Each structure stands twice: as structure tokens, then as C-alpha cells.
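Report on the structure
One letter stands for each residue in the lines below.
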Amino acid sequence: MKIKDVTSALECFAPLPLQEDYDNAGLQVGLTEAEVSGVLLCLDVTEAVLREAKEKGCNMIVAHHPLIFRRLRRVTGEDYVQRCVMDAVKNDIAIVAMHTNLDSVRGGVNHMIARKLGLEDVEMLGAREACGTEAGCGVVGTLPEPLTAKDFISRVKTTFHAGCVMTNELLQRPIRRVALCGGSGAFALQKAVEAGADAFLTGEMHYHEYFGTEQEIQIAVTGHYESEQFTINLLEEIINSRCEGVRTVRTEVCTNPVMYH
């Protein structure tokens, strides 16, 4: 199977037109006619991830976050993005990103987060039809049993291996209905309120965005990497189900740049 076949399978699951205008998903680096020797799956492409791909005999990297996100004006090795591009080209490693298209599609990143949290009856948040499929800005579902705010935050912290969980004031009623949006999801908070959610889970929010919903909805912010880490599992499931015989390898490199002390 060729690199273009794996890329096509991923784009069939999460069509590129679903990505946001600011995004740069899809093929980032490399040629697609080569036969796949192995696919390394990761959240972020770093120099350590490139080394790992070479060591494990993978000539394709599939990441969630695009390596080339902003316009690349030169390739001189002056930052890690340029060095990764140079290294990938030199070693014939293709790099593909499945970003906001994979976030928004049914069965995508947000559904994986909901699955890890144990939500049931999961529906799209802000649902819309696009590219012949259903997409949305997040999902909303129900916990099997209601939890106190304190117990809900504890479950979130444990599930996502979070160093801490940032919240607004703790809700004084049970939490049963939960909305979520992985990564930087503050834009979906009002949709969560409108959907009647008791809690809203995301990866990061700005300071002022915590104001104004006290005792209306419980905000729980895990960290960007923590919220989306299970995307690697999702990418593996997609490739294994659609690309028979292709070897997939989950990265062993933790690319989270945020440390907790």
C-alpha cells in the first residue's frame, strides 16, 4: 500500500474541506507514490519524533497538529519546524496532519474524548451537514451516573492524566450532561450552555472566558495536550480498519511542551 492510499483513507474519514479556514491539514511534506514501510502516529511532529520514525523504519508520520501551520517563508534550519521539514525531505518521510477536520467529523477526536470519559448517548454540538457527513464544534453526552462537581473533576483529572484541572467555581448541583471540545475549545462554551450541559470540558481557555457562567455550567480545562492525547488511538483505529497490512506505531515521545511543578 502506498502513502497516497493511507492519506486517502484518512481524508475519506475526515474530509479536508471540514477543516477551519485558518488550518493547514493534509499532506505537509513528501511524495505519496512510495510504498508505506510504517506509519508513526503522534500528536505533534518534533525532531525527536522524526528520529523515532527513522529508528522504527517508518516513512510516514501522521500527526494531529500540523507541522507547517503558518506560512513557511524559508527552509534554513533556524527553527524546529524548518529542521523537521529538512530532515523529513532528506530521509523520504512523508508528513500528514489530520487536525480540525478530524476534530469536527462524526466519530472524530471529540467522540474519542467522550468515549474515554464514558459518556453515553453522544450527540454533535453545533451539528451541521458538510461534505456528505455530519460535523460539529464538539459533542455532548450523558454520564452513566450523576457526579458531584468535585467527583467529576477528579474523574477528568484521572482519565486525562492531567497535572491539574482548571475550573470555575464548583457547581452546586449534580453533573450528568457533559459537553466537550478538545484543544482550544472556548468558542464552544455557549453552545454547551444552550445544549443544557451541566459541565464543559476542553483543553485550554483564556482567563476572561471563565467569567459569567458561575453555577450555570461547570468548566473543566485539562491542558491542550491532555485533552487530545487519545487522537493517536483514533488515528490507529482509522488506518487499521481501512488500510489492511499497514504497520502503525504509536509514538513513545511525549511532545507536551507544558510542564507542571
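Residues numbered from 1 in each chain as written. Predicted model: local features only at pLDDT ≥ 70, side-chain atom pairs only at ≥ 80, totals over all residues. Heavy atoms only, no water.

**Overview of the pairing of strand S11 (residues 199-204)**
- Burial runs high along S11: five of the six residues are buried.
- Examined bridge by bridge, strand S10 (residues 175-184) and S11 share five bridges and lie parallel to one another. Opposite Leu180, over in S11, you have Leu201 as the bridge partner.
- Running through helix H7 (residues 189-194), the crossover from S10 to the neighbouring parallel element S11 is right-handed. (Buried < 20%, exposed > 50% of the residue type's maximum accessible area, 1.4 Å probe, protein only. Helix = DSSP H or I, 4+ residues; strand = E, 2+ residues; numbered from the N terminus. Pairing = 2+ DSSP bridges. Right-handed = clockwise from strand over helix to strand, strands pointing away.)

**A word on the pattern of salt bridges**
- Going through the model one piece at a time under the given rule, you end up with 12 salt bridges.
- With its nearest N and O atoms 2.9 Å apart, the salt bridge here joins Glu47 to Arg83. A residue pair is termed long-range when its members are at least 10 positions apart, and Glu47 in helix H2 (residues 47-55) and Arg83 in helix H3 (residues 80-90) qualify at 36 residues.
- Take Glu47: its relative accessible area is 30%, and that puts it in the partly exposed class. (Salt bridge = Lys/Arg side-chain N within 4 Å of Asp/Glu carboxyl O.)

**Section: the environment of Gly203**
- Tracing the backbone through its elements, the reader meets Gly203 in strand S11.
- Since its relative accessible area comes to 2%, Gly203 is described here as buried.
- Here the alpha-carbon distance between Gly203 and Glu226, two residues 23 residues apart in the chain, equals 7.0 Å.
- The residues touching Gly203, leaving out its near neighbours within four places in the chain, are Cys181, Gly183, Val221, Thr222, Gly223, His224 and Ser227. (Contact = heavy atoms within 4.5 Å.)

**Comments concerning the environment of Leu10**
- Here Leu10 lies in helix H1 (residues 3-13).
- Using a relative accessible area of 2% as the deciding quantity, one classes Leu10 as buried.
- Residues Leu10 and Cys243, spaced 233 residues apart in sequence, show a C-alpha to C-alpha distance of 9.6 Å.
- If near-sequence neighbours (up to four positions away) are discounted, Leu10 is found in contact with Val62, Val96, Met98, Leu235, Ile238 and Ile239.

**Considerations on the packing of H2 against H3**
- Put simply, H2 and H3 touch, their axes get as near as 9 Å, and they point 15 degrees apart. The orientation of H2 with respect to H3, classified from their angle, is roughly parallel. Here the hand of the crossing between H2 and H3 comes out left-handed. Of the residues in H3, those touching H2 at Glu47, Leu50 and Lys54 are Tyr80, Arg83, Cys84, Asp87 and Ala88. (Axes fitted to C-alpha atoms, helices over the stretch in contact; angles between N-to-C directions. Parallel < 35°, antiparallel > 145°, perpendicular 65-115°, else oblique. Left-handed = near helix turned anticlockwise from the far one by under 90°.)

**Here we look at helix H6 (residues 149-159)**
- Residues of H6 that are buried include every one of Ala149, Phe152, Ile153, Val156 and Thr159, and no others. Seen end-on, H6 carries its buried residues on one side only, within an arc spanning 130 degrees. Facing away from the buried side of H6, by more than 90 degrees, are the exposed residues Lys150 and Thr158.
- One or two residues past the end of H6 sits His161, with phi positive at roughly 50 degrees. (Arc of directions from axis to C-beta.)

**Considering unusual backbone geometry**
- A positive phi angle, near 55 degrees, is found at Asp92, a position not held by glycine.
- Relative to the helices and strands, Asp92 resides in the loop between H3 and strand S4 (94-97).
- Despite not being glycine, His161 shows a phi value in the positive range, around 50 degrees.
- Tracing the chain through its elements places His161 in the loop between H6 and strand S9 (166-167).
- For His161, a relative accessible area of 58% gives the class exposed.

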